[in-house]
Amino acid sequence: MDNIDRMLIGQLQEDATRSYAVLGKAVGLSSGATHERVRKLRERGVIRRTTIDVDPVATGRGVLAYVLVDGSVWMGGTTEPLKAIDGVEEAHIIAGPASVLVKVRTAGTEQLQEVLREIFDIDGVTGTQTIVVLETLFDRPTQVT
């Protein structure tokens, strides 16, 4: 990946709806060359998907929490049960004070409590610790350097 690829990724992260002509102008390429570069970045898996950034508060999911999940067994098999829980946005096997780290967004604390109950009902889960976010200082996309 060279500097032009990095600049293209930065431009797409700012606004993925830009045309290839506009992207090309920003990085000094023709629209055809830009299209080919973006196609190759997708093909190589550098660009995994094109999406939009939604404000969770505006959609009624203003409570953000991170849940540390303890388990009595290897928790790698919890992918599907965690995916099935409304409000669970991410789940990661971790090294540290727990087995899994789960990112949850809900409308309120009542819904958060329901999510915690559902997590606790997953086979092998022995406990949870929840951290509720009061304010997000910043949230930035993956930096390409």
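Scroll up for the structure.
(A) Spatial organisation of the packing of helix H1 (residues 3-14) against helix H3 (residues 31-43). Running from amino to carboxyl end, H1 crosses H3 at an angle of 85°, the nearest separation of the two axes being 11 Å. If you check the angle between H1 and H3, you find them roughly perpendicular. On H3, the residues touching Ile4, Asp5, Leu8, Ile9 and Leu12 of H1 are Thr34, Arg37, Val38 and Leu41. By residue class, the composition of the contact of H1 with H3 is 6 nonpolar, 1 polar and 2 charged.

(B) Focus on the sheet that holds strand E2 (residues 88-93). Strand order in the open sheet made by the 4 strands is E2-E3-E1-E4, with antiparallel pairing throughout. Here the strands that pair on one side only, and so sit at the sheet edges, are E2 and strand E4 (125-132). Each neighbouring strand pair of the sheet contributes to a mean axis angle of 20°, computed without reference to strand direction. Of the strands in this sheet, strand E1 (63-71), E2, strand E3 (100-106) and E4 are in contact with helix H5 (residues 109-120), which crosses E4 at around 155°.

(C) Focus on the pattern of salt bridges. A complete count under the given rule lists 11 salt bridges for this structure. A salt bridge links Asp2 to Arg37, with the nearest nitrogen and oxygen atoms 2.8 Å apart. Residue Asp2 is located in the segment before H1, and its partner Arg37 is located in helix H3; the two are separated by 35 residues in the primary sequence. Of the charged contacts in the structure, one is a salt bridge between Glu14 and Arg18, with a shortest N-O distance of 3.4 Å. By relative accessible area, which is 60% here, Glu14 ends up exposed. Among the charged side chains, a network of salt bridges with common partners joins Glu36, Arg39, Lys40 and Glu43.

(D) Region of interest: the environment of His92. Relative to the helices and strands, His92 resides in strand E2. On the basis of relative accessible area, His92 is assigned to the partly exposed category, the value being 37%. C-alpha of His92 to C-alpha of Arg18: the two residues are 74 residues apart in sequence and 32 Å apart in space. Polar contacts involving the side chain of His92 include one to the side chain of Glu90, which spans 2.9 Å.

(E) Fine view of the nonpolar core. Judged by nonpolar contacts, the single largest core of 17 residues is most densely connected at Val67, Val69, Leu82, Ile85, Val102, Val104 and Ile119. Looking at this core, the elements with two or more residues in it are E1, E3 and H5. Apart from residues lying up to four places away in sequence, Ile85 is in contact with Val115, Glu118, Ile119 and Ile122.

Conventions and cut-offs
The written sequence of each chain sets the order in which its residues are numbered from 1. The model is predicted, so local features are restricted to residues of pLDDT at least 70 and side-chain atom pairs to those at 80 or more, both for listing and for counting; the totals for chains, interfaces and linings are taken over all residues. Heavy atoms throughout the structure, all of them, feed into the side-chain values; hydrogens and water do not. Only the stretch in contact is used when a helix axis is fitted, and all axes are lines through C-alpha atoms; the angle between N-to-C directions ranges over 0 to 180 degrees. Secondary structure follows DSSP: runs of H or I at least 4 residues long count as helices, runs of E at least 2 residues long count as strands, and numbering of each begins at the N terminus. Roughly parallel means an angle under 35 degrees; roughly antiparallel, over 145; roughly perpendicular, 65 to 115; everything else is oblique. Note on definitions: a residue-residue contact is assigned when non-hydrogen atoms from the two residues lie within 4.5 Å. Any residue that is not Ala, Val, Leu, Ile, Met, Phe, Trp, Tyr, Cys, Pro, Asp, Glu, Lys or Arg is counted as polar, Gly included; the first ten are nonpolar and the last four charged. A pair of strands is considered paired only if DSSP assigns at least 2 bridges between the two. The working definition used for a salt bridge is a side-chain nitrogen of Lys or Arg within 4 Å of a carboxyl oxygen of Asp or Glu. Only protein chains enter the accessibility calculation, which uses a 1.4 Å probe; a residue is then buried when its area is under 20% of its type maximum, exposed when over 50%, and partly exposed in between. Definition of a polar contact: a pair of N or O atoms within 3.5 Å, with one able to donate and the other able to accept a hydrogen when the atoms are protein atoms, and with sequence-neighbouring residues admitted only if both atoms are side-chain atoms. The set of buried Ala, Val, Leu, Ile, Met, Phe, Trp, Tyr and Cys residues whose side-chain atoms join them within 4.5 Å is what this entry labels a nonpolar core.

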